[in-house]
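Below, each chain spelled out in residue letters.
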Amino acid sequence: MPTATTLIRAAPKFLGVPYSTLDCQAFVEKCLSEIGIRVNLPGSNAWFRHMTWTGTPEECKASFGKIPPGAFLFILERDGKEPEKYKPDGIGNASHIGIYTGMTGAEMCDIAIADGIGGADRYNFGNGAIHSSKSRGCVCTSKFAGKAIDGGWNRVGLWDKLSYDIDIPGEPTEEVKPMTATVNGPNGETVFLRTKPSSQASWICRVPTGAEVETGENKNGWTAVSYNGQKGYMMSKFLAPAGSDPEQEATVPVLRSWLMGLRQQATDIGKQIDELLGVK
């Protein structure tokens, strides 16, 4: 994953580029492209809503102990000027975006000069940040002292596509546990684990009744099964919910089979009686 350090080293190389060539959003995306991240979002409002974490500078320091270099800076206003599609979320108008470098303006200019940009110090207007300024007409340094400023940078954004020297929270991920089942062989016997979902397929091993297996797709009476690192297929009728008692479960098919046989015997006896009585 690209690091925030590489981002802040790439940004000063664009000092002096006209705003008409790179506006604030385009400048950020150009810097990211320099470190291998290709992205194209429709404006600073989209960028603000694209962040993994956002908050005031003070909230950032309270949560992470500092504002990490490479964080994105925003000016968030409640002026109702955000695009219509963003109004329903009530977040407000993120009218501007820049990058927090954690460097002085002179340090940023030195990087630009080393990259061949003569007179880079003409674009030094403050310490801490860099952005493409519409009012100054170019990419330049900007003052950011790590706190919200009226009319200035008042929000910090952290993005999980960059590696900072802090851990940022992402979307919580739910632990996915494999489905499990208990093998329930006929009369407590072992069950074949086969190479394919077919009773004609060769078998891999015999799985004892009561063994717990991981299960996958269930189709046409067969279930994909993993047992002791071996993967194959088992007839679904020989699998019971994990944790069930195989001996107790086994009585169900046995009892059903006995009752079906008893019903057939009763039917046969009934037919014989009908024949003796001449009933048609």
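Here is a short report on the structure shown in this document. (Residues numbered from 1 in each chain as written. Predicted model: local features only at pLDDT ≥ 70, side-chain atom pairs only at ≥ 80, totals over all residues. Heavy atoms only, no water.)

**Remarks on the pairing of strand E11 (residues 222-227)**
For strand E10 (residues 212-219) and E11, the ladder comprises four bridges, and the chain directions are antiparallel. Considered in E11, the bridge of Asn-218 is made with Thr-223. Two successive antiparallel strands, E10 and E11, enclose a turn made up of two residues, where Asn-220 displays a positive phi of approximately 55°. In the sheet, E11 pairs with strand E12 (residues 230-235) via six bridges, with the strands oriented antiparallel. Bridge assignment links Ser-226 to a residue of E12, and that residue is Lys-231. (Pairing = 2+ DSSP bridges. Helix = DSSP H or I, 4+ residues; strand = E, 2+ residues; numbered from the N terminus.)

**Structural notes on helix H5 (residues 105-114)**
Those residues of H5 lying buried are Gly-105, Met-108, Cys-109, Ile-111 and Ala-112. Seen along its axis, H5 keeps its buried residues to an arc of 155°; they face one direction. Its buried side turned inward, H5 meets helix H1 (4-10), strand E4 (128-133) and strand E5 (138-143). Positive phi appears at Gly-116, one or two residues downstream of H5, with a value of about 95°. (Buried < 20%, exposed > 50% of the residue type's maximum accessible area, 1.4 Å probe, protein only. Arc of directions from axis to C-beta. Contact = heavy atoms within 4.5 Å.)

**Some words on the layout of surface pockets**
Estimated volume of the largest pocket: approximately 220 Å³. Surrounding the largest pocket, 13 residues form its lining, His-96, His-131, Ser-133, Lys-134 and Ser-135 being those nearest its centre. Among the secondary structure elements, those contributing two or more residues to the lining of the largest pocket are strand E3 (93-100), E4 and E5. It is E5 that provides the largest number of residues to the lining of the largest pocket, a total of three residues. Across the lining of the largest pocket, the residue classes break down as three nonpolar, seven polar and three charged. (1 Å grid on protein atoms, 1.4 Å probe; cavity = no way out; pocket = protein on both sides within 12 Å on 5 of 7 lines; lining within 4 Å. Points joined across faces, edges and corners; volume = space filled by probe spheres on them. Nonpolar A, V, L, I, M, F, W, Y, C, P; charged D, E, K, R; others polar.)

**With respect to helix H2 (residues 24-34)**
Most of H2 is tucked away, with eight of its eleven residues classed as buried. Within H2 the residues assigned to the buried category are Cys-24, Gln-25, Phe-27, Val-28, Glu-29, Cys-31, Leu-32 and Ser-33. Buried residues in H2 make contact with H1, helix H3 (44-50), strand E2 (72-77), E3, E4 and E5. Just downstream of H2, Gly-36 is the residue with a positive phi angle, here 90°.

**Some details on the nonpolar core**
Among the nonpolar cores identified, the biggest contains 56 residues, and Phe-27, Leu-32, Trp-47, Phe-72, Ile-99 and Trp-159 are the most heavily contacted of them. One finds Val-191, Leu-193, Val-207 and Met-234 within the second-largest nonpolar core, a separate group that totals 13 residues. (Core = buried A, V, L, I, M, F, W, Y, C linked by side-chain atoms within 4.5 Å.)

**Description of the side chain of Thr-141**
Tracing the chain through its elements places Thr-141 in strand E5. Of the polar contacts made by the side chain of Thr-141, one reaches the backbone nitrogen of Phe-125; its length is 2.7 Å. Ignoring any residue separated from it by four or fewer positions in sequence, one finds Thr-141 in contact with Leu-15, Gly-105, Met-108, Tyr-123, Asn-124, Phe-125, Gly-126, Ala-129, Ile-130 and His-131. (Polar contact = N/O pair within 3.5 Å; in protein donor to acceptor, adjacent residues only side chain to side chain.)

**Observations concerning the sheet that holds E4**
Strand order in the open sheet formed by six strands is E1-E6-E2-E3-E4-E5, with antiparallel pairing between adjacent strands. Edge positions in the sheet fall to strand E1 (53-55) and E5, since each has one partner strand and no second. Put simply, the sheet's adjacent strands are angled 30° from each other on average, direction ignored. Pairing analysis gives three bridges linking E1 to strand E6 (residues 155-158), with the strands arranged antiparallel. Paired with Thr-54 across the two strands is Gly-157, which belongs to E6. Along the sheet face, H2 touches E2, E3, E4 and E5 and points at about 35° away from the line of E3. Running over the sheet, helix H4 (residues 57-64) touches E1 and E6 and is turned about 125° from E1. (Axes fitted to C-alpha atoms, helices over the stretch in contact; angles between N-to-C directions.)

**A word on the packing of aromatic side chains**
All told, the structure shown has eight aromatic pairs when counted by the stated rule. Judged by centre distance (5.2 Å) and plane angle (80°), the ring pair of Trp-47 and Trp-159 falls under edge-to-face. Within this pair, whereas Trp-47 is found in helix H3, its partner Trp-159 is found in the loop between E6 and strand E7 (179-183), the two being separated by 112 residues in sequence. Assessed through its relative accessible area of 3%, Trp-159 is described here as buried. Aromatic pair Trp-53 and Phe-64: ring centres 5.2 Å apart, planes at 80°, arrangement edge-to-face. Highlighted residues: Trp-53 in strand E1 and Phe-64 in helix H4, separated in sequence by eleven residues. Take Trp-53 and Phe-64: they sit in the same class, and that class is buried. Of the aromatic side chains, those joined through ring pairs into one cluster are Trp-47, Phe-72 and Trp-159. Here Arg-136 stacks its cationic end above the ring of Phe-125, 3.8 Å away from the centre of that ring. Above the ring of Trp-203, the side-chain terminus of Arg-206 is found at 5.4 Å from the ring centroid. (Phe/Tyr/Trp six-rings, centres within 6.5 Å; stacked < 30°, edge-to-face > 60°. Lys NZ or Arg CZ within 6 Å of the ring centre and 35° of its normal.)

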